[in-house]
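# Architecture and fold: a report
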Amino acid sequence: MRYLPHSDLEIQSMLKTIGVEQLEELFIGIPENCRLPRALDLDGPLAEAELLRRFQSMAAANAADDSWSQFLGGGYYDHHIPAVIDHLISRSEFYTAYTPYQPEISQGTLQAIYEFQTLICQLTGLDVANASLYDGASACAEAVLMSLRCGRNRTKILLSRGVHPRYREVIATYVRYLDVELIEVPLRADGQTDEKLVAELLAADVAALVVGYPNYLGVVEEIDALAKLAHSSGARMLVAAAEPLAMALYRSPGELGADIVVGEGQSFGLPLTYGGPGVGFIAARQQDMRSLPGRLVGETVDKDGERGFVLTLATREQHIRREKATSNICSNQGICAVMVSIYLALLGKNGLPQLARDNYSRAAYLREQIAALPGYSLPFSAPFFNEFVVSCSQPAAEVLQRLEQQKILAGISLLDDYPEIKNGLLICVTEQNDRAQLDGLVSALNGGAA
Amino acid sequence: MSAIGSKGLILDENLLFERSTVGRCGYDLPVLDVPATQPESGLLRNSIEGFPELSEVDVVRHYTRLSTWNYGVDSGFYPLGSCTMKYNPKINEVVARLPGFAHLHPATPDHLSQGSLRLMYELQQALCEISGFPALTLQPSAGAHGEFAGMLMVHAWHHARGNKRHKVLIPDTAHGTNPATAALCGYEVVPIASDGVLSVEAVATAMDDDVAALMVTNPNTLGLFETNIREICELVHSRGGLVYCDGANLNALLGACRPGDLGIDVMHFNLHKTFSTPHGGGGPGAGPVGVSESLEPFLPIPVIVKEGTSYRLETDRAHSIGRLRTFASQFGILVRAYAYLLAMGPRGLKKATQLAVLNANYIRARLEGSYHLPYKQRSLHEVVFSDAGLPNDCHTLDIAKRLLDYGYHPPTIYFPLVVHGALMIEPTETESKQEIDEFCDALIAIAEEAKTNPHLLHEAPINARTRRLDETQAARKPKLKWDSRVG
Ligand SMILES: Cc1ncc(COP(=O)(O)O)c(C=O)c1O
């Protein structure tokens, strides 16, 4: 029991101080009929070496090694993670700390989160951001609830069909038993949210219009026009970014008129880890500050007048008014938010836009090559970022299966989420895909060897 | 740290933005080996106003310095009640970073993700065995997220039966997330008073045809086992309701009691507490939820199923409450929790619980004469004192801040709300007798200082990096981001 420090002698001496003879006597608070009369039936204990072997063998059963080339995106992106990040967040003062309830000895976490909030504001072009939410989809659902709080008697949400399908599902879960109606807005033939339909559907009882940035199909939406429409009927413009790196290339959602911006921060320095943990972010305008869900870090001074940081506006949280809280968030994604901050700090004002431009160029190159192949076409003409949809002449699943033989994960089939797109395949490119990989995919799609 | 904690070489550090120097960058991109192209210029952003420009070494120094202003479990004793801050084994970090786990994209087809699916399935089975529930979801991202999943399932269960119940009973010893969760699910919260432990009568009085569920924390936030839980479950069931158990304090029950055996219908785990995953100054957590057979159809999707020797994620479930996050789980946290579980084994887990309870009771015995103990019942893994009777206008906050001077993270303060001026101490099993003795010595010394030199308490902390911070000002004039114009 390597994690348990007590010697038998110490246990005896402690029991004596307490005034009992046996450890078992400490459990008299648990009635006899609530006790487990047998030992748990579990594996272990395992020594560290055994544990390592067991986990290595499970990890080896995943297709996650360098022999694969992959073009999977759809909300989680394979970017290079600078070595600095793991090194810094492995400092145990960061990762073994709790939520900073005692600010005097938590200034490291508090300042790092304050910087995270600032970075998210700068990136999204909005005024306030919180200290993170669980992930992109749950943040999006929290933002929908927030728009309902802001727009008092409004009970409808317009949800673009371009919003990440999983985000839409999670929103539906969150409002399942509330008096809220979700209305789907279809996409136009070019892949953008149908503005005309938005105009028709907007009414005085719509709390928010939710649109992707770019949308799930990789298409860049006309946020400014949509925001004008939403505002004209008093609704909030809510923008959901699955790949926030796009914000380093394209005009910020805030500048385009978004009121609330949410997204998944995994792109900024977090490993893929089969989809979690990631980090949800949420930013809003000043007017909605008190409706923001979750933790906020604010600047203040100490008794000597020195700058310091504290968790603040706690009256919105579950500590005080409990059932009137803006959300039930308690743990958020603290260390993941710090990882995002380190990443953004490293790349900074010049590196991040450069990365976004390069990824755009790589995606554009691949898209053009594939479009030139017989049997593949591009259904959407609107601007895109790092992902794009290809219509195949065969079912996407067959194409994927064929390429798997060559150790290529070529993309995500759109059959279940967008059956209206004929044999749709969503292909994603990042800086991890060099030209050899891109050309290899093109040749494999064309029936050749990778 | 037996003497008063001393101030070492703690370097000052400005904000990232204040350290920025035009033209620096801490990252190099791979050569662009395809032609550079640009989207149409009308879409493009000019620059990211205010974003920092730093070299790699700037960034490394910045965060290294910030880290020295923090206190973590590896720095010392962290007796935050209800938060279960136990030691985080280092091998957990190693296995979570195995490339086969860390580099796996969530859209990888099931047949190429068998290692991760197997791990999740096995962890799920183990948690079912530990808790006594027949079915479980690993999907929720934290305890409160698990509460939300659980209460939605309660809602769905009633809905499927055509019940229109709109109230949820919550004892005064519950965690603050419980009422917030119930409200989030559209329920009206009805508080019930308890006398430390919830009585059958109190539930009987409050229970009517409008009550969908009772939400009870067990052991509760006073560290007390809900001794009437079996009878309470029977009563709630007999009147058509369900029982939700907040299982955040499961550290007190491993191998001793299985909530699922007691009649509880649904319970969340806080893996980051009971199963030793690091909390990271705010998160991430993971909040699996165990359910009874009757709630199983409502589990969130995806559900992991085993067929023969292979595993897959199932999404086609007619009665599911739906999806709670983008992908299947906080997988990296699950890896750590499972590593802990296997390292401990059944004997180790039971021993952990015994020692956690031993430590809490030892603290209670050592501090009983110095601090007021509002509940006399034998507590399990945590013990709650109060500031009642302390002289010279010394209060809980002063004790907490003075503890910083002694080199300790303070206990949870002013919670649970049923105890005025509460000090909620949870040592966990990974603290040795020496550590605990030194901590008790410090608290006893502080009680003495309250009598003889209260000034020390009111002025505390004097040895921490910052003096007492003005939280009122932070809330009155919220400043939530750095602004170049204001500085
Ligand atoms: C009793 C109890 N329930 C629920 C929670 C919420 O868990 P989480 O912070 O993981 O959301 C906590 C966390 O502090 C707790 O102590």
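Residues numbered from 1 in each chain as written. Chains lettered and ligands numbered in written order. Predicted model: local features only at pLDDT ≥ 70, side-chain atom pairs only at ≥ 80, totals over all residues. Heavy atoms only, no water.

Counting secondary structure elements, chain A contains twelve helices and 15 strands. C-alpha atoms of chain A, sized along the principal axes, occupy 80 × 55 × 50 Å. In chain A, buried positions account for 67% of the 450 residues. For chain A, the share of sequence-separated contacts (at least 6 apart) that also reach a separation of at least 24 residues comes to 71%. Only carbon and sulfur atoms are counted for the fraction: they give 49% of the accessible area of chain A, which is about 14,500 Å². Positive and negative charge centroids in chain A, built from 37 and 54 side chains respectively, lie 4 Å apart. (Helix = DSSP H or I, 4+ residues; strand = E, 2+ residues; numbered from the N terminus. Buried < 20%, exposed > 50% of the residue type's maximum accessible area, 1.4 Å probe, protein only. Contact = heavy atoms within 4.5 Å. Areas by Shrake-Rupley, 256 points an atom, 1.4 Å probe, with all protein chains shown as cover. Lys, Arg positive; Asp, Glu negative; His and termini not counted. Charge placed at Lys NZ, Arg CZ, Asp CG, Glu CD.)

So, about the sheet that holds strand β11 (residues 412-413) of chain B. Residues and elements named next belong to chain B. Across the sheet, three strands lie side by side as β10-β12-β11; this open sheet has antiparallel pairing. Sheet topology places β10 (383-386) and β11 at the edges, where each strand pairs with a single neighbour. Here β11 runs beside strand β12 (residues 422-425); their pairing, made up of two bridges, is antiparallel. The residue of β12 that forms the bridge with I413 is L423. Sitting on the sheet, helix α10 (residues 331-367) is in contact with β10 and β12, with an inclination near 25° to β10. (Pairing = 2+ DSSP bridges. Axes fitted to C-alpha atoms, helices over the stretch in contact; angles between N-to-C directions.)

With that settled, the discussion passes to the site of the ligand. Around the ligand, 16 residues are found, and the nearest of them are B:S82, B:G143, B:A144, B:D246 and B:K273. Nearby residues around the ligand are contributed by chains A and B. Contact between the ligand and A:Y98: an oxygen atom at 3.5 Å from a side-chain N or O atom of the residue. Here an oxygen atom of the ligand sits 2.6 Å away from a polar atom, N or O, in the side chain of B:S82. Contact with the protein chains hides 99% of the accessible area of the ligand, taken as 390 Å² for the molecule alone. Only α5 (143-160) and α9 (271-274) of chain B provide two or more residues apiece to the shell around the ligand. In terms of residue count, the dominant contributor to the shell around the ligand is α5(B) (three residues). Class assignment of the residues belonging to the shell around the ligand gives a composition of five nonpolar, eight polar and three charged. (Near = heavy atom within 4 Å. Polar contact = N/O pair within 3.5 Å; in protein donor to acceptor, adjacent residues only side chain to side chain. Nonpolar A, V, L, I, M, F, W, Y, C, P; charged D, E, K, R; others polar.)

For the rest of this paragraph, the subject is the nonpolar core. One finds A:F55, B:F275, B:L341 and B:Y371 to be the most contacted residues of the largest nonpolar core, which totals 130 residues. With 20 residues, α10(B) is the single largest residue contributor to this core. Excluding anything up to four places from it in sequence, A:F55 contacts B:V95, B:L98, B:F101, B:L119, B:V335, B:Y338, B:A339 and B:L342. Listed in part, the 110 residues of the second largest apolar core include A:A112, A:Y213, A:Y360 and B:L16. (Core = buried A, V, L, I, M, F, W, Y, C linked by side-chain atoms within 4.5 Å.)

Another aspect to go through is helix α11 (residues 396-404) of chain A. Residue and element names in this part refer to chain A. Burial in α11 covers these residues: A396, V399, L400, L403 and E404. Seen from one end, α11 has its buried residues packed into an arc of 135°, which puts them on one side. Taken together, the buried residues of α11 touch β11 (376-377), β12 (387-392), β13 (408-409), β14 (412-413), β15 (424-428) and α12 (435-445). (Arc of directions from axis to C-beta.)

We now examine the sheet that holds β11(A). Residue and element names in this part refer to chain A. Here we have four strands laid out as an open sheet, ordered β11-β12-β15-β14, and antiparallel in their pairing. Only two strands of the sheet have a single partner each, and these edge strands are β11 and β14. As defined by bridge partners, β14 adjoins β15 across two bridges and the pair is classed as antiparallel. Bridging across to β15, S413 finds its partner in L425. Contacting β11, β12 and β15, helix α10 (residues 334-371) crosses the sheet at an angle of about 10° to β12.

Turning our eyes to something else, we now look at the packing of aromatic side chains. Under the definition given, this model contains 22 aromatic pairs over all chains. Here A:Y3 and B:Y87 contribute two aromatic rings whose centre-to-centre distance is 6.1 Å and whose plane-to-plane angle is 55°, an arrangement assigned as tilted. With A:Y3 in the segment before α1 (8-18) and B:Y87 in the loop between α1 (56-67) and α2 (90-96), the pair connects residues from two separate chains. The class of A:Y3 is buried, set by a relative accessible area of 10%. For B:Y87, a relative accessible area of 29% puts it in the partly exposed group. Pairing A:Y98 with A:Y101 gives two aromatic rings, centres 5.9 Å apart and planes at 50°, and the pair type is tilted. A:Y98 sits in the buried class, given a relative accessible area of 3%. Among the aromatic residues, those joined into a ring-pair cluster are A:Y3, B:Y87, B:F275 and B:Y340. (Phe/Tyr/Trp six-rings, centres within 6.5 Å; stacked < 30°, edge-to-face > 60°.)

Turning to the confidence of the model for chain B, a few remarks are in order. Predicted coordinates in areas of low pLDDT are best not read in detail. Residues at a pLDDT of 70 or more form 98% of chain B, whose mean pLDDT is 95. With a pTM of 0.97, the predicted complex shows an ipTM of 0.98. (pLDDT = per-residue confidence, 0-100.)

With that settled, the discussion passes to the packing of α5(B) against helix α6 (residues 177-184) of chain B. Residue and element names in this part refer to chain B. In the contact formed by α5 and α6, the axes pass within 9 Å of each other and the chain directions differ by 45°. In terms of orientation, α5 and α6 fall into the oblique class. Judged by the sense of rotation from one axis to the other, the crossing of α5 with α6 is right-handed. Along its contact with α5, which presents A144, E147, F148 and M151, the element α6 presents T177, N178, T181 and L184. The residue makeup of the contact of α5 with α6, split by class, is four nonpolar, three polar and one charged. (Parallel < 35°, antiparallel > 145°, perpendicular 65-115°, else oblique. Left-handed = near helix turned anticlockwise from the far one by under 90°.)

This part covers the pattern of salt bridges. Enumeration over the complete set of coordinates arrives at 47 salt bridges over all chains. A:E93 is paired through a salt bridge with A:R91; the nearest N and O atoms lie 3.6 Å apart. We classify A:E93 as buried; its relative accessible area is 19%. Note on A:R91: relative accessible area 26%, which makes it partly exposed. Between A:E255 and A:R251 there is a salt bridge, and its shortest N-O distance comes to 3.2 Å. Taken together, the salt bridges that share partners define one network made up of A:R38, B:E129, B:R258 and B:D261. (Salt bridge = Lys/Arg side-chain N within 4 Å of Asp/Glu carboxyl O.)

Residues and elements named next belong to chain B. Spanning 18 residues, α5 covers 26 Å between terminal C-alpha atoms, matching the ideal 26 Å at 1.5 Å per step. Of all 18 residues in α5, 16 are buried, a share of seventy percent or more. Once α5 finishes, G162 follows within two positions and takes phi at roughly 75°, a positive value. (Expected span 1.5 Å × (residues − 1).)

Take the interface of chain A and chain B next. A common measure of how large an interface is: the accessible area buried when the components associate. With 183 residues of chain A at the interface, the matching set in chain B holds 212 residues. Carbon and sulfur atoms supply 64% of the area buried between chain A and chain B, which totals about 17,100 Å² over both sides. If you sort the residues of chain A by the area they bury against chain B, A:Y3, A:Y177 and A:Y274 come out on top, with a joint share of 6%. Our count for the contact surface shared by chain A and chain B stands at nine salt bridges. A salt bridge links B:E18 to A:R307; the shortest N-O distance between them is 2.8 Å. Connecting chain A to chain B are 87 residue pairs in polar contact (both at pLDDT 80 or more). Classifying every residue of the side of chain A that touches chain B gives 95 nonpolar, 53 polar and 35 charged. (Buried area = accessible area lost by both parts, 1.4 Å probe.)

This part covers the packing of α10(A) against α1(B). The relative placement of two packed helices is expressed as an angle between their axes plus a distance between the axes. Close contact between α10(A) and α1(B) brings their axes to 9 Å; oriented N to C, the two are set at 150°. As the angle between them shows, α10(A) and α1(B) are arranged roughly antiparallel. Judged by the sense of rotation from one axis to the other, the crossing of α10(A) with α1(B) is right-handed. Contacts between α10(A) and α1(B) pair A:V338, A:S341, A:I342, A:A345 and A:L346 from the former with B:E56, B:V59 and B:Y63 from the latter. Per-class residue counts for the contact of α10(A) with α1(B) are six nonpolar, one polar and one charged.

This paragraph deals with the environment of A:E431. Turning to its location among the elements, A:E431 is positioned in the loop between β15 and α12. Judged by relative accessible area, which is 5%, A:E431 ranks as buried. When the C-alpha atoms of A:E431 and A:A356 are compared, they prove to be 9.0 Å apart, with 75 residues separating the residues in sequence. In this structure, A:E431 is in contact with A:H79, A:H80, A:L355, A:N359, A:R362, B:Y27 and B:P30, ignoring residues within four places of it in sequence.

In this section: the pairing of β12(A). Residues and elements named next belong to chain A. Of all six residues in β12, six are buried, a share of seventy percent or more. Side chains of β12 alternate between two faces, with E387, V389 and S391 and F388, V390 and C392 buried alike. In this structure, β11 lies alongside β12, joined through two bridges in antiparallel fashion. Within β12, the position partnered with Y376 by the bridge is C392. With five bridges connecting them, β12 and β15 associate as antiparallel partners. Pairing of V390 across the sheet is with L425, part of β15.

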